[in-house]
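Okay, here's what each chain looks like letter by letter:
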Amino acid sequence: FQLYGYCYQDSNDIPDTLTTITELGSPLEMIQLLQTSWEDRFRICLSLVRLLHYLAHSPLGSVTLLDFRPRQFVIVDGELKVTDLDDASIEESSCTSNSDCFMEFPARNFTLPCSVEGRCQSMNEKRNLYNAYRFFFTYLLPHSAPSSLRPLLDKIVNATGNCNKHGNAKYFLFNPSPSVNSEFTQKCVKSANTKYRRVPEAFIPDENYRCWPSYHHKGCLLSVFDVNEAIEICDSYSQCKAFVLTNETTWTGRQLVFFKMASNHIMPDPDKITYVKVTD
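Worth saying up front: this structure is predicted, and the values here are computed from it rather than measured.

Novice: Help me out: how do you make sense of the sheet that holds strand 5 (residues 73-76) in this one?
Specialist: The pairing of strands in a sheet comes from backbone hydrogen bonds and takes either a parallel or an antiparallel form. Spatially, three strands are ordered 3-5-6 in an open sheet, and the strand pairing comes out antiparallel. Across the chains shown, the open sheet's two edge strands, defined by having one partner strand only, are strand 3 (26-27) and strand 6 (79-82). By the bridge criterion, four bridges tie strand 5 to strand 6 in an arrangement that is antiparallel. Opposite valine 76, over in strand 6, you have glutamate 79 as the bridge partner. Packed onto the sheet, helix 2 (residues 38-56) meets strand 5 and strand 6 and runs at close to 40 degrees relative to strand 6.

Encoded structure:
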């Protein structure tokens, strides 16, 4: 979380108080997140993996969030950030045997090894990992994911559910581009039979219809890799009669496209290209 400033106060009325000024974020609503595109949910999971890595290797040592629930996080520019650090701890549990290193969760339990130094090995890191699985990964990753990525996502979700940090996507953290760019961003599409007329520097301001998932709540705004994918999407909707390529892209580089139910009113726009379905 970005810290902009802080103030330490020590007075008779309020002793030993630290006030911080941080960046503004939006509360995390899981139901609302499930209605967003998979691409946006993937970005949130990616930022969560970066957070897990930082907590495991922070300058203070391994840090665990004892209250690792969605209400402790906010969304800032599409990224997930922790906002409440009151329950953060750097203490690894002491032990005399493996039975002392018992982690209990509602769905399953884990017993970790006790080190020769008398500390439960990686308990802070694995507690964070399993909580990330049960509160975030299990909901945000598989839901409406691209079919080509589902085998990989299943492995990631299963690994985090088993508290296996090595299966937790180093794909996400260190090497996201092969999985996203080759499988998702460069999605293979079938050749479309429907013909479209290209109208450069043109836009259709109205004629919207709603689709899911959409980046626009009053219209059908989706991301595509290229024109061929846009054609395939338009052909899959019976109400789609045209689409407009914008010059805006998502965080993975996919182009945003408006899909329209008619093309009766076309206006000039130097930043857009319209494709109109040709009817016999």
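Novice: Mind showing me how you'd approach a nonpolar patch on the surface here?
Specialist: Together, Leu3, Tyr6, Tyr8 and Leu18 give the surface a local cluster of nonpolar side chains, amounting to about 490 Å² of exposed area. Mapped onto the elements of the fold, leucine 3 is located in strand 1 (residues 3-9). According to the relative accessible area criterion, leucine 3 is partly exposed, its value standing at 44%.

Novice: Would you mind showing me how to read unusual backbone geometry here?
Specialist: Despite not being glycine, aspartate 77 shows a phi value in the positive range, around 55 degrees. Of note, aspartate 77 is situated in the loop between strand 5 and strand 6. Accessibility expressed as a relative area gives 66% for aspartate 77, which makes it exposed. Positive phi, close to 50 degrees, is recorded for glutamate 201, a residue that is not glycine. Position of glutamate 201 among the secondary structure elements: in strand 10 (residues 196-203). Residue classification places glutamate 201 among the exposed residues on the basis of a relative accessible area of 52%.

Novice: Even after reading the chapter, I still don't get the confidence of the model for the chain, so can you show me in this structure?
Specialist: Close inspection of predicted coordinates is inappropriate in any region flagged by low pLDDT. Considering every residue of the chain, the mean pLDDT works out to 82; 87% of them sit at 70 or more. For the chain, helix 5 (residues 170-174) is the element with the lowest average pLDDT, namely 43, and strand 13 (residues 255-260) is the one with the highest, namely 94. Of the regions scoring below 50 in pLDDT, residues 167-182 engages in 35 contacts with residues more than four places distant in sequence or in other chains.

Novice: Before we go on, may I ask you to explain the pattern of salt bridges in this structure?
Specialist: Pairs can form between side chains of opposite charge whenever their charged atoms are close. If you walk through the whole model with that rule in mind, you get six salt bridges. For arginine 71, the salt bridge is made with aspartate 67, and the minimal N-O distance between the two is 3.7 Å. Here arginine 71 falls in the exposed class, since its relative accessible area comes to 58%. Between lysine 277 and aspartate 235 there is a salt bridge; the shortest N-O distance is 3.9 Å. With lysine 277 in strand 14 (residues 267-277) and aspartate 235 in helix 7 (residues 227-236), the pair connects residues that are 42 residues apart, well separated along the chain. A relative accessible area of 29% places aspartate 235 in the partly exposed class. Ionic contacts of the salt-bridge type, sharing partners, join the residues Asp67, Arg69 and Arg71 into one network.

Novice: Got a minute to help me understand the sheet that holds strand 12 (residues 242-249) in this structure?
Specialist: The strand order across the open sheet formed by five strands is 10-14-12-13-11, and the pairing between neighbours is antiparallel. Of all strands in the sheet, those bounded by a partner on one side alone are strand 10 and strand 11 (220-224). When strand polarity is set aside, the average angle formed by the axes of neighbouring strands in this sheet is 30 degrees. With respect to the sheet, helix 7 is in contact with strand 10, strand 11, strand 12, strand 13 and strand 14, its orientation differing from that of strand 12 by roughly 135 degrees.

So, how was this worked out
- Residues numbered from 1 in each chain as written.
- Predicted model: local features only at pLDDT ≥ 70, side-chain atom pairs only at ≥ 80, totals over all residues.
- Heavy atoms only, no water.
- Pairing = 2+ DSSP bridges.
- Helix = DSSP H or I, 4+ residues; strand = E, 2+ residues; numbered from the N terminus.
- Contact = heavy atoms within 4.5 Å.
- Axes fitted to C-alpha atoms, helices over the stretch in contact; angles between N-to-C directions.
- Patch = residues over 30% accessible without salt bridge, like charges linked within 9 Å, V, L, I, M, F, W, Y side chains within 5 Å.
- Areas by Shrake-Rupley, 256 points an atom, 1.4 Å probe, with all protein chains shown as cover.
- Salt bridge = Lys/Arg side-chain N within 4 Å of Asp/Glu carboxyl O.
- Buried < 20%, exposed > 50% of the residue type's maximum accessible area, 1.4 Å probe, protein only.
- pLDDT = per-residue confidence, 0-100.

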